[in-house]
Structures are given as C-alpha cells and as structure tokens.
Amino acid sequence: MAWCHSATRLLCSRLTISVIPPASFKFTTCRPIVTNVIRNKKHLFTNRVPLLQCCRLYQGDDATCLASDITKSSGLDTRKYLLSIGVNAGRIGQHSRSIFQQDEKEVQGVVSLLEKNGFTSDEIVALIEKNALLLMFDKHELQMRLSMFVGLGIKLPDIVKMSQLVLFSDLDIIVANIQLMQELLCASPKWISSLLKYKPQVFQNTCDFTHDEIRDNIIMIRKLLLHHGCVEVENVLRQIMRDDYRLFRTTQSQVRLVVDFLMEQGITGEDLVYVIKRSANIFQSTPEQLRQRMMNLQEKLEITESEVLKFVIRYPRALGMNSKNLDEHIKFFDDRVIDVTYIIDFPYVLWVSVKKLEKRYKEQEDLGLFPTSTMHQILANMHTSTKDFNRKMDNFRKKKKDSERDAESDKKKSSAKSRRKT
C-alpha cells in the first residue's frame with residue numbers, strides 16, 4: 001500500500017490540495033452494506049462488509065471503528081439538532097438509530113466542516129439525507145476526501161450528486177487510475193473531472209485485473225491502433241475509456257480474436273480503427289457471435305454480404321446488437337408497413353428504444369404529418385435528441401394551430417360575404 005499513499009500525496013501536491021493524509025493512513029468504505037475493494041497478491045476483488053466493520057480509519061496496525069466509539073445518548077439532542085438545520089429524519093432511513101445515537105457535538109463538528117468547505121445549507125441537508133453515515137466519519141478523513149475531489153475540479157453541487165463515490169470509494173485505486181489516464185491517455189484535468197462526474201465506475205476496479213494488467217492492455221491497444229494508421233491515438237483511447245472502458249479489462253487473447261475476425265471480413269486500416277472507436281463493446285463477444293449478428297443483419301435487412309459489411313463499417317454499433325433487439329426494431333417497421341431498407345439510411349434508429357420509436361411515431365401521426373412529410377423526414381425525427389424532437393414538434397403544433405386559425409378566419413369571411421350577397 002505504500003506506493004498508493006505516495007501516489008495520493010503526489011497527486012494532492014500537484015492539485016495543490018492542502019490536506020494530505022499521513023503515510024500510515026488507509027481508507028475503507030463507510031456504509032451499512034457496501035462493496036469494498038480489497039487487495040490480495042494478484043487480484044482486485046470485491047467483498048461485502050457489514051455496518052460494524054465500516055467507518056474505519058486505520059492508523060498503522062491499530063484499527064478503530066468509529067461506529068463503535070459513538071458516545072451513547074438518548075438521541076434526542078442529535079435528532080433536534082438535525083431537524084433544526086432542515087434534515088428530514090424520515091429520509092435518513094435504516095441508519096437513523098446509529099446516527100441519532102451520535103454525540104450532538106460530533107455531528108455539529110461534521111456540519112461545521114462542510115460549511116467551511118463552502119457547502120450551502122441546502123447542499124449539507126441533501127448530503128446528510130443522501131448519505132447520513134458521513135456524520136460518523138473522522139473529520140480528518142472527510143476533509144481529505146473533499147479536498148481531493150475539489151482539487152480534481154469537481155464542483156460542490158456535483159459532489160452532492162456523486163457523494164457515494166466521494167465518501168465510500170477507495171482513494172488509492174482512484175489515484176492510481178487517474179495517474180494511469182494521465183500517463184497513457186494524456187488526459188487533462190478537465191477530462192478526468194468530467195469522467196469522474198459522469199462515469200465514476202471507470203475509476204473503481206471491480207474486476208479480476210490488476211493495475212499492471214490494465215496498463216498492459218492499454219499499451220497493447222495503443223500499438224494496435226498505431227499499426228492500423230490511427231493518427232489521434234490518445235483521442236481514440238479516451239473515447240473508448242468514456243464509452244466502454246471494459247475493453248481495457250478484456251484479456252489480450254480475446255482482443256486479438258476479435259481483431260482477427262474483423263480483418264478476415266475485410267475491415268482493416270482506418271475502417272478497423274473506426275469500428276474499435278465506435279463500438280468497443282464488441283470485444284465482449286466471441287467471433288462466432290459477431291459472425292451470427294452479421295448474418296442476422298443481412299437476412300433481416302434483406303441486403304447482400306458486401307452491403308452488410310459496408311453497413312457495419314458505417315454503423316459499427318450494429319455489431320453489438322443482439323438478435324432479440326434487432327427483431328423488435330424490424331417488427332416496428334413491419335407493423336407500420338415501412339420498408340426495412342430505410343434502416344440502412346437511418347441506422348441510428350436501431351439505438352433508439354422501440355418504446356420511444358412508438359411514442360415519437362404516434363406523436364407525429366397525431367400531428368397529421370402523414371402523408372405530407374416523407375418517410376425520410378419522419379425517421380430523421382426519430383433519432384434526434386429529446387430536446388430537438390420536442391422543438392420540432394412544437395414548431396409543427398404552432399404551424400398547425402396557425403393553419404387552423406387561418407382556415408377558420410377564411411371560413412368566417414366567406415360566410416359573411418355570402419350573407420351580404422343574400
């Protein structure tokens with residue numbers, strides 16, 4: 001563990017974090033039933049630990065459990081204090097008994113620490129209601145965790161949202177993964193901050209791969225991309241890390257099998273790089289499964305072998321689609337008597353759930369867009385973002401309302417003109 005603590009201090013110094021843990025500190029998770037990352041000589045694996053084994057701060061070889069050192073009380077003072085700052089006791093849930101037995105001054109100390117770090121009253125209440133066990137943290141450890149994530153560029157409102165990671169993760173593993181990304185992916189602090197916010201699982205090793213094995217996999221994939229003419233290797237590696245980091249936790253033999261299969265199909269050079277970049281999830285499948293998916297695409301879309309190859313190169317995510325999902329989308333087209341070959345022009349509809357396709361189709365149908373709009377326009381609306389789709393539909397509703405108002409006005413004018421003639 002010594003290298004991890006050194007890494008923690010090094011990262012903190014680079015980020016100008018003021019609170020740095022002593023070399024003897026080790027951190028474990030702090031929640032009632034939690035997946036705690038444990039190290040053995042070869043693997044990183046997970047283990048579930050109960051409440052009275054959590055909230056530990058190890059100092060050398062001596063371990064003390066904060067939960068067992070709580071000053072026993074009736075809980076009334078602590079309850080009153082939490083209620084006075086706006087905490088809804090009912091939202092604390094199953095941990096309320098342990099929390100209310102804490103000494104009021106200890107709880108006030110944690111709240112005061114959060115205030116000093118810049119959290120607003122509402123954010124403090126939200127943190128406590130979301131993860132009440134933070135009130136049982138040692139204040140030094142809590143301060144160090146907050147300082148580390150703030151130093152990484154995570155804003156306080158986002159810390160509230162991702163408090164599970166901030167409070168209960170193994171910091172040594174996070175630091176090691178950050179250093180790996182900085183070294184091999186040329187990842188900027190801004191990129192790491194964004195990934196921490198939206199894909200925190202990337203920084204938590206929950207598989208049977210050691211840190212060195214993941215490093216070797218990244219190096220191997222980097223060489224593979226360079227060999228096939230990739231000129232922006234770091235960008236591609238960062239996209240894979242963001243979209244499907246499992247590729248870096250796949251055995252090298254499995255990666256080679258999939259690459260060999262793609263090359264056998266005639267996918268090489270820039271096309272191979274594009275397929276890997278856009279559909280890293282295919283490396284979780286065997287060559288036989290990929291071959292079967294290509295055959296299904298050829299059969300369902302009623303296209304030739306060369307056409308399905310072009311389709312896969314243009315839309316690699318189709319290779320990651322299982323047969324059931326493809327059949328559901330084909331049925332959607334068949335039920336509405338829409339030629340399935342439209343999928344070739346609009347492959348992104350395959351990645352929109354059938355439920356959403358049905359909803360959007362009906363909404364356009366109710367607005368009277370059939371048959372005035374072409375099927376290309378209808379399908380183009382299917383895979384746009386929710387924001388763009390709603391904007392388009394609002395425009396159609398406005399036009400329809402204006403058209404109805406104009407028609408009603410013309411009708412009244414015509415009726416008035418008829419009456420004058422009579």
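For clarity, every value in this text was computed on a predicted model and none was experimentally measured.

### Description of the confidence of the model for the protein chain
Next up, step 1: Counting all residues, the mean pLDDT for the protein chain is 79, and 80% of those residues have values of 70 or more.
Next up, step 2: Predicted confidence for residues 1–73 stays below pLDDT 50, and this span has 153 contacts to residues more than four positions away or in other chains.

### Quick word on the environment of Val 259
Next up, step 1: Structurally, Val 259 is set in helix H13 (residues 252–264).
Next up, step 2: A C-alpha to C-alpha distance of 8.9 Å links Val 259 and Ile 276, two positions 17 residues apart in sequence.
Next up, step 3: If we skip the residues at most four places from it in the chain, Val 259 touches Leu 224, Leu 272 and Phe 283.

### Brief notes about the packing of aromatic side chains
Next up, step 1: As enumerated under the stated definition, the model contains 6 aromatic pairs in all.
Next up, step 2: Centre to centre, the rings of Phe 137 and Phe 168 are 6.3 Å apart; their planes meet at 45°, and the pair counts as tilted. On the criterion of sequence distance, the pair formed by Phe 137 in the loop between helix H5 (121–130) and helix H6 (139–151) and Phe 168 in helix H8 (residues 163–168) is long-range, its members being 31 residues apart.
Next up, step 3: Note on Phe 137: relative accessible area 7%, which makes it buried.
Next up, step 4: Relative to Phe 333, the ring of Phe 332 lies with its centre 5.7 Å away and its plane at 80°, an arrangement referred to as edge-to-face.
Next up, step 5: By relative accessible area, which is 3% here, Phe 332 ends up buried.
Next up, step 6: Put simply, the rings of Phe 311, Tyr 315, Tyr 348 and Trp 351 touch in pairs and so form one group of aromatic residues.
Next up, step 7: The lysine or arginine in question, Arg 336, covers the ring of Tyr 361, its NZ or CZ lying 5.3 Å from the ring centre.
Next up, step 8: One cation-aromatic arrangement involves Arg 360 over Phe 389; the distance from NZ or CZ to the ring centre is 4.4 Å.

### Brief notes about the packing of helix H2 (residues 76–84) against helix H4 (residues 104–116)
Next up, step 1: Two elements in contact, H2 and H4, have axes whose closest approach is 9 Å; the angle formed by their N-to-C orientations is 25°. With respect to their mutual orientation, H2 and H4 come out roughly parallel. Every residue of H4 that contacts H2 at Asp 77, Thr 78, Tyr 81 and Leu 82 is listed here: Glu 104, Val 107, Gln 108 and Val 111.
Next up, step 2: Across the contact of H2 with H4, the residue classes tally to 4 nonpolar, 2 polar and 2 charged.

Rules used throughout
- Residues numbered from 1 in each chain as written.
- Predicted model: local features only at pLDDT ≥ 70, side-chain atom pairs only at ≥ 80, totals over all residues.
- Heavy atoms only, no water.
- pLDDT = per-residue confidence, 0-100.
- Contact = heavy atoms within 4.5 Å.
- Helix = DSSP H or I, 4+ residues; strand = E, 2+ residues; numbered from the N terminus.
- Phe/Tyr/Trp six-rings, centres within 6.5 Å; stacked < 30°, edge-to-face > 60°.
- Buried < 20%, exposed > 50% of the residue type's maximum accessible area, 1.4 Å probe, protein only.
- Lys NZ or Arg CZ within 6 Å of the ring centre and 35° of its normal.
- Axes fitted to C-alpha atoms, helices over the stretch in contact; angles between N-to-C directions.
- Parallel < 35°, antiparallel > 145°, perpendicular 65-115°, else oblique.
- Nonpolar A, V, L, I, M, F, W, Y, C, P; charged D, E, K, R; others polar.

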